Amino acid sequence: MSNSLTSHLLVPVVNEADARETARMLGPYEYGRVTVVHVIEKGEGVPDKLPVEQAEKQASDAFVAFRDLIPEAETETVYRRNVVDAIIDAAADVDASAIAFRPRSGSRIVKFLSGDKALRLVTDADRPVIALPEGDDAE
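Here the residue numbers are simple positions, counted from 1 along each chain's written sequence. Note on the predicted model: pLDDT of at least 70 is required for a residue's local features to be given, and 80 or more for side-chain atom pairs to be given and counted; whole-chain, interface and lining totals, by contrast, use all residues. Heavy atoms throughout the structure, all of them, feed into the side-chain values; hydrogens and water do not.

Here the focus is the side chain of His38. As for its placement among the helices and strands, His38 is situated in strand S2 (residues 33–41). Pairs of N or O atoms within 3.5 Å make up the polar contacts considered here, provided that, within protein, one atom can donate a hydrogen while the other can accept it, and that residues adjacent in sequence are counted only when both atoms are side-chain atoms. For His38, the side chain forms a polar contact with the main-chain oxygen of Val13, separated by 3.2 Å. One polar contact links the side chain of His38 to the main-chain carbonyl oxygen of Val14, over a distance of 3.3 Å. Between two residues, a contact is recorded if the distance between any of their heavy atoms is within 4.5 Å. Residues contacting His38, with those up to four places away along its chain left out, are Val13, Val14, Ala55, Gln58, Ala59, Phe63, Glu76, Thr77 and Val78. Helix numbers and strand numbers start at the N terminus; a helix is a DSSP run of H or I with at least 4 residues, a strand a run of E with at least 2.

In structure tokens, the structure reads:
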């Protein structure tokens, strides 16, 4: 599986619930290594969204939840203002074969106003990006 699309997946997670659901959705598929990444959004001149200690706790809780279902997963915490760039850079740093993510829900207007991170991830990444399907149709 060393040259396959899923030989080493980088999987971004937001919080504990997202990590658990993402791991559940990834479970039915064949893959080699998995590195879970949590991006702590740092201010770079503007206030942080969360205090660093609280954000690091959120990352730790997310990793525990993911490893409850995929115990062999490796973890990375990245501190950046731009979440999409952080995920793409993390994938390069760990030499991931692909980025696998769970699309988050949101209305079209919310996605438009937020710049739709999923679209940016798919269009800006330098490696394949896999969107995991919702529900039980993963098999």
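Another aspect to go through is the packing of helix H3 (residues 83–93) against helix H5 (residues 117–124). What counts as an axis is a line fitted to C-alpha atoms, over the stretch in contact for a helix, and the angles between N-to-C directions run from 0 to 180 degrees. Where H3 contacts H5, the two axes come as close as 9 Å, and the packing angle between them is 40°. One element, H3, and the other, H5, form an angle in the oblique class. Every pair of crossing elements has a handedness; the one defined by H3 and H5 is right-handed. Of the residues in H5, those touching H3 at Val83, Val84, Asp85, Ile87 and Ile88 are Lys117, Arg120, Leu121 and Asp124. Of the residues contributing to the contact of H3 with H5, the split by class is five nonpolar, no polar and four charged. Any angle between 65 and 115 degrees counts as roughly perpendicular, while under 35 counts as roughly parallel, over 145 as roughly antiparallel, and the rest as oblique. Left-handed describes a crossing in which the near helix is turned anticlockwise from the far one by less than a right angle; the clockwise case is right-handed. Ten residues, namely Ala, Val, Leu, Ile, Met, Phe, Trp, Tyr, Cys and Pro, are considered nonpolar, four, namely Asp, Glu, Lys and Arg, are considered charged, and the remaining ones, Gly among them, are considered polar.

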